[in-house]
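Fold and contact review
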Amino acid sequence: MKIKKSVLITVFIAIVLTLIGIGSVNAGTLTSGESYSYYANRHRNGAFVPYVNGDPEPLVFHVNDLIGTSIDAGVNTNAAASGNAALTTISNYETLAKVAYYWGVEQGYASDFDNNNYKFLVRANQYAVNAQSTTTAMHNDNWSSEDIARVQSMVETASNVTVPSTFTAYRGVPNDDTQNFIVWETTSFTAKKEYNCDSPSGFNNSIVKNGDTIIYDITWNHGGQSTTIIIKDVLSQGLTYVEGSANIGDPTVTKNTDGTTTLTWTTTNQSGTLTYSVKVEASNPCSMGINKVQNNASITVDNNTYQLEKLENPLPSKCYAPQPNDGYNGQKVKIGDDIKYQITLTNVKNEVVTATVIDIISKGLTYNRDAVVSAGQITNIATPEEDSKKNTKLQFTITLPARSTVVLSYSAKVNNNAAVKVLNNANVRYDNDRSVTLNQLENPIYTSSNSVTPTTQDDTQNNTQTDTSSKTIPAPDTGSNVLVLGIASGLALVGVGGYFIYKKIKKS
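For the structure given in this document, a descriptive report is provided here.

1. Section: the overall build of the protein
Broken down by element type, the protein carries eight helices and 30 strands. Here the protein holds 508 residues, and the buried ones make up 44% of them. Restricting the contact set of the protein to residue pairs at least 6 apart, pairs at least 24 apart contribute 73%. Roughly 25,200 Å² of accessible area belongs to the protein as shown, and the carbon and sulfur atoms make up 50% of that amount.

2. Quick word on the pattern of salt bridges
With the rule as written, the count across this model stands at 12 salt bridges. Asp233 is paired through a salt bridge with Lys193; the nearest N and O atoms lie 2.6 Å apart. On the criterion of sequence distance, the pair formed by Asp233 in strand S11 (residues 229-235) and Lys193 in strand S9 (residues 190-195) is long-range, its members being 40 residues apart. Here Asp233 matches Lys193 in class, with each residue buried. Salt-bridge contacts for Arg403 lead to Glu312; the nearest nitrogen and oxygen are separated by 2.6 Å. Placement of the pair is Arg403 in the loop between strand S26 (392-400) and strand S27 (404-414) and Glu312 in strand S18 (residues 311-314), with a sequence separation of 91 residues. Among the residues examined, Arg403 registers a relative accessible area of 24% and is labelled partly exposed. Overlapping salt bridges, with partners in common, bring together Lys209, Asp212 and Arg434 in one network.

3. Notes on the nonpolar core
Across soluble globular proteins, nonpolar side chains have a tendency to be buried as a group. If you look at the biggest cluster of nonpolar residues, it comprises 33 residues, and the most contacted ones within it are Ile343, Leu345, Ile398 and Leu408. Per-element accounting of this core gives the leading share, five residues, to S27. One finds Tyr118, Val151, Met154 and Val163 within the second-largest nonpolar core, a separate group that totals 32 residues.

4. Quick look at the sheet that holds strand S6 (residues 81-90)
The strands that make up a sheet are held in pairs by hydrogen bonds between backbone atoms, and each pair lies either parallel or antiparallel. Judged by pairing direction, the barrel is antiparallel, and its six strands sit side by side in the order S1-S4-S5-S8-S7-S6 before closing back on the first. The mean angle between the axes of side-by-side strands here comes to 40°, regardless of whether they run parallel or antiparallel. Bridge count for strand S1 (residues 35-41) against S6 is six bridges, and the pairing is antiparallel. Across the sheet, the residue bridging to Ser37 is Asn84, located in S6. Sheet strands touched by helix H2 (residues 95-106): S6, strand S7 (167-174) and strand S8 (181-186). Its angle to S7, the strand with the most contacts, is close to 115°.

5. Some thoughts on the packing of H2 against helix H3 (residues 117-129)
For any two helices packed against each other, one specifies the crossing angle of their axes together with the interaxial distance. At a minimum axis distance of 8 Å, the contact between H2 and H3 shows a crossing angle of 165°. For the element pair H2 / H3, the angle class is roughly antiparallel. Considering how the two elements wind past one another, H2 and H3 form a crossing that is right-handed. Between H2 and H3, the residues in contact are Thr95, Leu96, Val99, Ala100, Trp103 and Gly104 and Leu121, Ala124, Asn125, Ala128 and Val129, respectively.

6. Some words on the environment of Ser283
Mapped onto the fold, Ser283 is located in the loop between strand S15 (271-280) and helix H6 (285-288). Ser283 gets classed as exposed once you look at its relative accessible area, which sits at 61%. Placed 74 residues apart in sequence, Ser283 and Lys209 show a C-alpha to C-alpha distance of 8.5 Å.

7. Quick notes on helix H4 (residues 131-140)
Because an α-helix packs 3.6 residues into every turn, residues spaced three or four apart end up facing the same way. The set of residues buried in H4 consists of Ala131, Thr134, Thr135, Ala137 and Met138. The buried residues of H4 all sit within an arc of 160° when viewed along its axis, so they share a single face. Facing away from the buried side of H4 by over 90 degrees, the exposed positions are Gln132, His139 and Asn140. After H4 finishes, the residue Asn142 shows a positive phi value of roughly 65°.

8. Observations regarding the packing of aromatic side chains
Under the counting rule described, the total for this entry stands at 17 aromatic pairs. Taking the centre distance of 5.6 Å and the plane angle of 40° together, the rings of Phe396 and Tyr410 count as tilted. With Phe396 in strand S26 and Tyr410 in strand S27, this residue pair connects regions lying 14 residues apart in the sequence. Taken as a pair, Phe396 and Tyr410 share a single burial class, namely buried. Among the aromatic residues, those joined into a ring-pair cluster are Tyr195, Phe203, Tyr216, Tyr241, Trp265 and Tyr276. Cation over ring: Lys119 sits above Trp143, and NZ or CZ is 4.6 Å from the ring centre. Lys193 extends its terminal NZ or CZ atom over the ring of Tyr216, reaching a point 4.3 Å from the ring centre.

9. Things to note about the sheet that holds strand S10 (residues 213-221)
As summarised here, the arrangement of the four strands in space is S9-S10-S15-S12, forming an open sheet in which the pairing is antiparallel. Unpaired on one side and paired on the other, S9 and strand S12 (239-241) mark the two borders of the sheet. If you compare each strand with its neighbour and ignore which way they point, the axes differ by 30° on average. One ladder, built from three bridges, connects S12 with S15; its direction is antiparallel. From the neighbouring strand, Tyr241 faces S15, where its bridge partner is Val278.

10. A few points about the pairing of S10
Here six bridges tie S9 to S10, and the two strands are oriented antiparallel to one another. Bridge assignment links Lys192 to a residue of S10, and that residue is Thr219. When S10 meets S15, the two strands line up antiparallel, connected through nine bridges. Opposite Asn221, over in S15, you have Ser271 as the bridge partner.

11. Brief notes about H2
Of all 12 residues that make up H2, nine are buried, and the element is covered over most of its length. Here H2 has its buried residues at Thr95, Leu96, Ala97, Lys98, Val99, Ala100, Tyr101, Trp103 and Gly104. Phi turns positive one or two residues past the end of H2, at Gly108, with a value near 75°.

12. What about the side chain of Asp233?
We classify Asp233 as buried; its relative accessible area is 0%. There is a polar contact of 3.4 Å between the side chain of Asp233 and the backbone nitrogen of Asn296. If we ignore the near neighbours within four places in the chain, the residues touching Asp233 are Lys193, Tyr216, Thr261, Thr262, Leu263, Tyr276, Asn295, Asn296 and Ala297.

Cut-offs applied
- Residues numbered from 1 in each chain as written.
- Predicted model: local features only at pLDDT ≥ 70, side-chain atom pairs only at ≥ 80, totals over all residues.
- Heavy atoms only, no water.
- Helix = DSSP H or I, 4+ residues; strand = E, 2+ residues; numbered from the N terminus.
- Buried < 20%, exposed > 50% of the residue type's maximum accessible area, 1.4 Å probe, protein only.
- Contact = heavy atoms within 4.5 Å.
- Areas by Shrake-Rupley, 256 points an atom, 1.4 Å probe, with all protein chains shown as cover.
- Salt bridge = Lys/Arg side-chain N within 4 Å of Asp/Glu carboxyl O.
- Core = buried A, V, L, I, M, F, W, Y, C linked by side-chain atoms within 4.5 Å.
- Pairing = 2+ DSSP bridges.
- Axes fitted to C-alpha atoms, helices over the stretch in contact; angles between N-to-C directions.
- Parallel < 35°, antiparallel > 145°, perpendicular 65-115°, else oblique.
- Left-handed = near helix turned anticlockwise from the far one by under 90°.
- Arc of directions from axis to C-beta.
- Phe/Tyr/Trp six-rings, centres within 6.5 Å; stacked < 30°, edge-to-face > 60°.
- Lys NZ or Arg CZ within 6 Å of the ring centre and 35° of its normal.
- Polar contact = N/O pair within 3.5 Å; in protein donor to acceptor, adjacent residues only side chain to side chain.

Now the structure itself:
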């Protein structure tokens, strides 16, 4: 049986998410990042059974009252293990968590030792982490093609499952570098964070721009005795809370030194939904050094803090490329100069996104046909189109890899049609989402009336000014010339008139 491309992509994304440490939506009782004691043994009605169907019987890992499986295929499991391991929560969006939940809990494989289902659960968990090494290990252990296909099908089926917030999975990394493992639990407390269905922008991690409003929902259900519940949300730079928008009252707002903002609500409601709004305030993302906005929410109840899913939105930006660059940061330019631009595109999703960039460069600019991207790929560049006003439309189609930032760089030359200033206007669309207009960039053109003498790029960097009289052609000052000519003519007439008067007086 062939492995479907979608399964491989899902497995790859799960590995990437593991490496970069994506935040969890889980509400577990263990503290992520802490070290816990663990041990591993084999279950078969309490007896040691060295082999099941030709391969070693898999270990069962224990942390407190939680159980789980190995996630490292091909590691020697002939002896039981014990020690300490650092545990971190696994996002319920990861395929590994989906497999553990659906087959371990829903289908009951985690306790079905006698029927060998646990063995398939182990392999499915390992396959979710590394498909290639697990397939190799199964072949080495003489698994049949039917059993290997069953494991692959298990992972594919689980990848489409939605894991409830009552399920929490932890990745265990032993201190002695033995095989890694996964354990899990279910709890009575549930919590989740998501975009409000009526959010005017940003829904489903779509792109946003300066001035947009995003509405969030945080839903929780404690189900226990009355207690104080603390809800916190840390807004990244570029997001501000909209005063009066929360349905349970305004939070305490704390401005942090790193540019983030912490919102804190305290409630005794054992269940409910907090709805509130934030505004995108990023008039110049380039100078702010940001390419997305995000938040990190958590709920603390009964001295346990549960991290909710982080919500992120791309914030495309357009700016001048770094120096050396004629016209950098809006400086004046002259005919023949090259202005270099950059458009930054971030993909926060766990899948490939296609971005369409439409850029209009004004009369006075000629595209240099030099577009490149820092990552991903430009899959299409449309033929530049010039309208009746000599504005040129450029269109680029770019693939953005999952969870990546791509910089599109290109330049335009100032041509003989340049008059007072040249402009650059662009908009961006991701897949079938809305189109977002980016900030306009403009550069004045040197004219004879400019009070500032043009400088070369090197002069600008050295803060010196050079004699550039050979680079500009001053227009004649016609008003002064007429004045001088009028005065000279008047003096000539006075002289001639005085001469004739003198001759007449002498004659008489």
